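An overview of the molecular structure
Chain by chain, the residues run as shown.
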Amino acid sequence: MSERIRIYMTGVGGQGTLTATTLLARTALDQGLDVVAGEVHGMAQRGGVVESVVLLGGWLSPKLGHGEADVIMGFEPLETLRALPYLAPGGVIFSSVDPLPPLGVSLGRDAYPAQEDINARVAAAAAKYRHLPCRALGREAGSVQSGNTVLLGAVCASGVLPFGPEALEAAIRRHLPPRLVDVNLRAAALGADAVRSA
Amino acid sequence: MSHPLLTAVPGERHLMLGNEAIVRGALEAGINFVTCYPGTPSSEVPDTFRRLGGADGRYRLEYSVNEKVAVEVAAGASLAGAMSLVTMKHVGVNVAADPLLTMTYVGLPGGLVMLSADDPGCHSSQNEQDNRHYARFAGLPCFEPATAQEAKDMTRDALLLARDLEQPVLLRTTTRLNHLRGPVETGPLPEPAARVKIAKNPQRFVPVPAVARGRHQALERALAQARSRAEQSPWNRMRGKGRLGVIGSGIARAYLADALYAGGWEDRVRVLDLGMTWPLPEEMLSEFLSSCDRVLVLEEGAPLLERDLRALAQHRAIPVSIEGKGDILTLYGEYSTSAVMRALAAFMGETASLPEAPVAATENLPGRPPNLCAGCSHRAVYYAVRKTFGDDAFYSSDIGCYTLGMLPPLRMADFLVCMGSSVSAGSGFAMAADKPVVAFIGDSTFFHSGMTGLANAVFNRHDLLIIVLDNGTTAMTGHQPNPGMLQDVLGESAVHLDIESVVRGLGVTEVTKVKAYNLRNLLKALEDMKAKSGVRVIIAEEPCVLYARRTLKKVSPQIATVAEQGAEARRCLEELACPAFTRDGDVVGVDETLCAGCMVCLQVAPGVFRARKRGE
């Protein structure tokens, strides 16, 4: 039996979190792994929090509870912070550092937590963690939207999953529309490089 | 069209959304006809059929105006011999309950499966009703998948059973099943099912009292047949050993499997996986109950199975203790792996080594509630209504994106009952209230069940102002067609209906149509209507901003920018609360990527905002 891993992904509606979830799940399936992904569509997507899970190795439940995620992928730093209770003991975190302020912050009613505070709380919770400038690396790859693929590239290169960045590259080639392949390959490579150079 | 759902050959493995797997299962059964009313979490089923485009005439799809109509149209097709699928969310089944509870009497020769997508946890619904009640209430054999593979295979089997028994069958899912993705091994894709040849038979198909009495007995005979199928069904399986039993149904079976694995308890209990959940396989269940001293029942929602098992044990004098709902496994919301682990641990007398979260729940973080989009035309209307009526009116809301207008600062929802209720509940509210009532209803909801309330309001001389928020599409659920949609978008398969003509045709004389982004005209129309009484209708038109961008390919070349900082800029930010606004101390800004260019802020605070070209 292959190793069982539970991944919790979180971001903001409209950010492409579910597209990234599907790409990661397809990558796993192409590697012959058992995979279940879980999402919630609908009202939550109107600018709200979008959370999803990818479970590898035989798990069946399409959702996670607190303390169950071996890996947290945060596509937005506040949402990474909100997701911390989902982390399992010894879990690892990969997070974007690019804030998308919620409306309450934009309107001056709430304060967005400082990145240093987020970093400190992530460091205290995780066995291993990486914060990545996904937006900048996505732009470098050719489109801001490919920032999510940067994070996927980083996770795949980190050795926490039962497959490496080559598997992600193959899935990008196989499953993304042709016009998006090159930019996403570059984004995945930039994410992988960021982890390797650490 | 080339799509894995159509091209996959037997034995291929594809990652499918639960709802896509349902589509493949229907195709593998030879589906002829699909009707629906969209509703989360069911919508991707018809939307996937729509994307496949009919698959070269394999099937026909229709977006009906509401769930009752969808069921009746599908039932009619099935009466005429077609294999039909009708899809909706759980509350839609209430709308369709009338045809549902009689079509089980007459039976449907072509076969019909009703998908009821339930939503425990209210992810996007007004209640968490458990539609397994309908299986018992109406007399519907019921399947409850827990994986993508089962979603595909059970849909196929449900349709084949429906045709075989000539009885409608319920496919009952929950949000987690509809929206999970998992590997699905495809089966053969046969030609569409042949139409069943029908002979006229009013003694069966016209349930006048004399016929209906006999058909009630026919229904019970059909359910007895279905029960024997459940006894043999591959979806009902026993495994494990010991005197402690666990019976799981629906998605709770997934939590059970994971909890047994995580706890290392796979050899500690005897398990019965119930996939075909109605009628109950009483012989199999009796055997299972007899082999156990105690049985734990896992079912989200109401304790239906738990009670049925107690009744069965009592009836057959089986000495077994049946446990289920309690402090851990409640009536409310969803189950989870950890809840099932805790329940199993308590059941087995174990101190479970449950996963401990290293981090306690994060508190005091800024919330991120769902919100009307930047440039949403509903915001403009709500702003104008608040300017006109303030808190001196009651606001009757309805089901759609526009329900989100309940949040401050717009606060445009005081009550809501169900889909289409804004007009009728608003009528009644206005009779008893001491302030005027303004009702909001979207275009799709208007056609769904607002029209009947409007006819009633005219007929019974009610007194309320109705604002039809016409954004030209079914926005909340993902831009499905409705009769109000533009003819060009509908294409050849459907015909556009004009809302104003319908309103006037129903006898409303005070009707006006305005562009939602035109604040001056909107305010003038509101002032005019405020001064009048009786049934008044304002139709506020403007395409949904997402639909305009994605489908109509309309993007405003301009965006708003702040020309003058100060109190007025802050007032506009606070009163309009558009997500494109930013604030840094006292400095107001407009996010260029989020701004849709609706230019409503320019009208709210003239001189403070100005337009500029996007990207400059």
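Rules used in this analysis
- Residues numbered from 1 in each chain as written.
- Chains lettered and ligands numbered in written order.
- Predicted model: local features only at pLDDT ≥ 70, side-chain atom pairs only at ≥ 80, totals over all residues.
- Heavy atoms only, no water.
- Helix = DSSP H or I, 4+ residues; strand = E, 2+ residues; numbered from the N terminus.
- Buried < 20%, exposed > 50% of the residue type's maximum accessible area, 1.4 Å probe, protein only.
- Contact = heavy atoms within 4.5 Å.
- Areas by Shrake-Rupley, 256 points an atom, 1.4 Å probe, with all protein chains shown as cover.
- Disulfide = S-S within 2.5 Å.
- Domains from an automatic or database assignment.
- Buried area = accessible area lost by both parts, 1.4 Å probe.
- Core = buried A, V, L, I, M, F, W, Y, C linked by side-chain atoms within 4.5 Å.
- Axes fitted to C-alpha atoms, helices over the stretch in contact; angles between N-to-C directions.
- Parallel < 35°, antiparallel > 145°, perpendicular 65-115°, else oblique.
- Nonpolar A, V, L, I, M, F, W, Y, C, P; charged D, E, K, R; others polar.
- Pairing = 2+ DSSP bridges.
- Salt bridge = Lys/Arg side-chain N within 4 Å of Asp/Glu carboxyl O.
- Polar contact = N/O pair within 3.5 Å; in protein donor to acceptor, adjacent residues only side chain to side chain.
- Expected span 1.5 Å × (residues − 1).

**A few points about the overall build of chain A**
When helices and strands are tallied, chain A shows 8 helices and 6 strands. Each helix and strand of chain A, ordered N terminal to C terminal, gives the series β-α-β-β-β-α-β-α-α-β-α-α-α-α. With the C-alpha coordinates aligned to their principal axes, the bounding extent of chain A is approximately 50 × 35 × 35 Å. For chain A, buried positions account for 62% of its 198 residues. A sequence separation of at least 24 residues applies to 64% of the contacts in chain A between residues at least 6 apart. When the accessible surface of chain A is summed, it comes to about 7100 Å², and 51% of that surface belongs to carbon and sulfur atoms.

**Section: the environment of Arg270 of chain B**
Residues and elements named next belong to chain B. Here Arg270 is to be found in strand E11 (residues 270-274). Looking at Arg270, the relative accessible area reads 23%, which means it is partly exposed. As a C-alpha pair, Arg270 and Ala475 span 205 residues in sequence and 47 Å in three-dimensional space. Ignoring anything within four residues of it in the chain, the contact list for Arg270 reads Arg239, Gly240, Lys241, Gly242, Leu244, Gly245, Val246, Phe288, Ser291 and Cys292.

**Observations regarding the state of the cysteines**
All names here are of chain B. Taken as a whole, this structure holds 0 disulfides over all chains when the rule is applied. Of the cysteine sulfurs around Cys142, a residue in no disulfide, the closest is that of Cys122, at 20 Å. Residue class for Cys142 comes out buried when judged on its relative accessible area of 0%. Cys373 carries a free sulfur, and the closest cysteine sulfur to it, the one in Cys376, is 6.2 Å from it. Here Cys373 falls in the partly exposed class, since its relative accessible area comes to 22%.

**Examining the domain arrangement of chain B**
All names here are of chain B. Here chain B is described as being made up of domain 1 (4-232), domain 2 (236-348), domain 3 (377-545) and domain 4 (558-613). Each of domain 1 and domain 2 was reduced to a C-alpha centroid, and the two centroids are 27 Å apart. When the two sides are added together, the surface that domain 1 and domain 2 hide from each other amounts to roughly 2300 Å², 51% of it contributed by carbon and sulfur. For domain 1, the biggest contributors to the area lost against domain 2 are Arg136, Arg227 and Glu231; these three give 27% of the whole.

**So, the nonpolar core**
Residues and elements named next belong to chain B. Ranked by internal contacts, the top residues of the largest apolar core, which has 76 residues, are Val385, Phe440, Ile466 and Ile467. It is helix H16 (residues 377-389) that contributes the most residues to this core, 7 residues altogether. A domain split of this core shows at least three residues from each of domain 3 (377-545) and domain 4 (558-613). Contact partners of Phe440, with chain neighbours within four places excluded, come to Val381, Tyr382, Val385, Tyr395, Ser396, Ser397, Asp398, Tyr402, Met412, Ser422, Ile467 and Leu469. Among the nonpolar cores identified, the runner-up in size contains 62 residues, and Leu244, Trp265, Leu329 and Val340 belong to it.

**Focus on the packing of helix H6 (residues 97-106) of chain B against helix H11 (residues 209-232) of chain B**
All names here are of chain B. Interhelical geometry of H6 versus H11 gives an angle of 80° and a closest axis separation of 7 Å. Taken together, the axis directions place H6 and H11 in an arrangement best described as roughly perpendicular. The residues of H11 that touch H6, namely those facing Thr104, Tyr105 and Val106, are Ala212, Arg215, His216 and Leu219. Split into classes, the residues belonging to the contact of H6 with H11 amount to 4 nonpolar, 2 polar and 1 charged.

**Side note on the sheet that holds strand E8 (residues 180-185) of chain B**
Within the open sheet, the 8 strands sit side by side as E6(A)-E5(A)-E4(A)-E1(A)-E3(A)-E2(A)-E8(B)-E1(B). Their pairing is mixed. With partners counted over all chains shown, the strands left at the sheet margins are strand E6 (128-132) of chain A together with strand E1 (13-17) of chain B, one partner each. If you compare each strand with its neighbour and ignore which way they point, the axes differ by 20° on average. With 5 bridges connecting them, strand E4 (residues 69-74) of chain A and strand E5 (residues 87-96) of chain A associate as parallel partners. Of the residues in E5 of chain A, the one forming a bridge with Val71 of chain A is Val92 of chain A. Helix-sheet contacts for helix H1 (residues 17-30) of chain A involve strand E1 (5-12), strand E2 (35-38), strand E3 (49-56) and E4 of chain A together with E1 and E8 of chain B, and the interaxial angle to E3 of chain A is about 5°.

**Brief notes about the environment of Cys373 of chain B**
Structurally, Cys373 of chain B is set in the loop between helix H15 (337-348) and H16. Once the C-alpha coordinates of Cys373 of chain B and Leu486 of chain B are considered, the two residues, 113 residues apart in sequence, prove to be 22 Å apart.

**Some thoughts on the interface of chain A and chain B**
Contacts between the two partners involve 55 residues from chain A, matched on the other side by 55 residues from chain B. Across the chain A/chain B interface, buried area totals approximately 4700 Å², and carbon plus sulfur atoms make up 61% of it. Taken together, the links from chain A to chain B amount to 5 salt bridges. Residue Arg13 of chain B pairs with Asp34 of chain A through a salt bridge whose shortest N-O separation is 3.6 Å. On the surface where chain A and chain B come into contact, there are 15 residue pairs in polar contact (both at pLDDT 80 or more).

**Describing helix H12 (residues 252-263) of chain B**
Across its 12 residues, H12 of chain B extends 16 Å between first and last C-alpha, which sits within 8% of the 16 Å expected from 1.5 Å per residue. Phi for Gly264 of chain B, located one or two positions after H12 of chain B, is positive at around 70°.

**Looking at the pattern of salt bridges**
Residues and elements named next belong to chain B. Summed over the entire model, instances satisfying the criterion amount to 52 salt bridges over all chains. Here Glu28 and Arg156 are joined by a salt bridge, their closest N and O atoms 3.8 Å apart. You can see Glu28 sitting in helix H2 (residues 18-29) and its partner Arg156 sitting in helix H8 (residues 148-165), a full 128 residues away along the chain. The buried category is assigned to Glu28, whose relative accessible area is 6%. For Arg156, a relative accessible area of 22% puts it in the partly exposed group. Close ionic contact of Arg571 with Glu568 constitutes a salt bridge, the shortest N to O distance being 2.9 Å. Here the residue Arg571 and the residue Glu568 both occupy positions in helix H23 (residues 567-576), the gap between them amounting to 3 residues, near one helical turn. Each of Arg24, Glu28, Lys152, Asp153, Arg156 and Asp157 takes part in one network of salt bridges that share partners.

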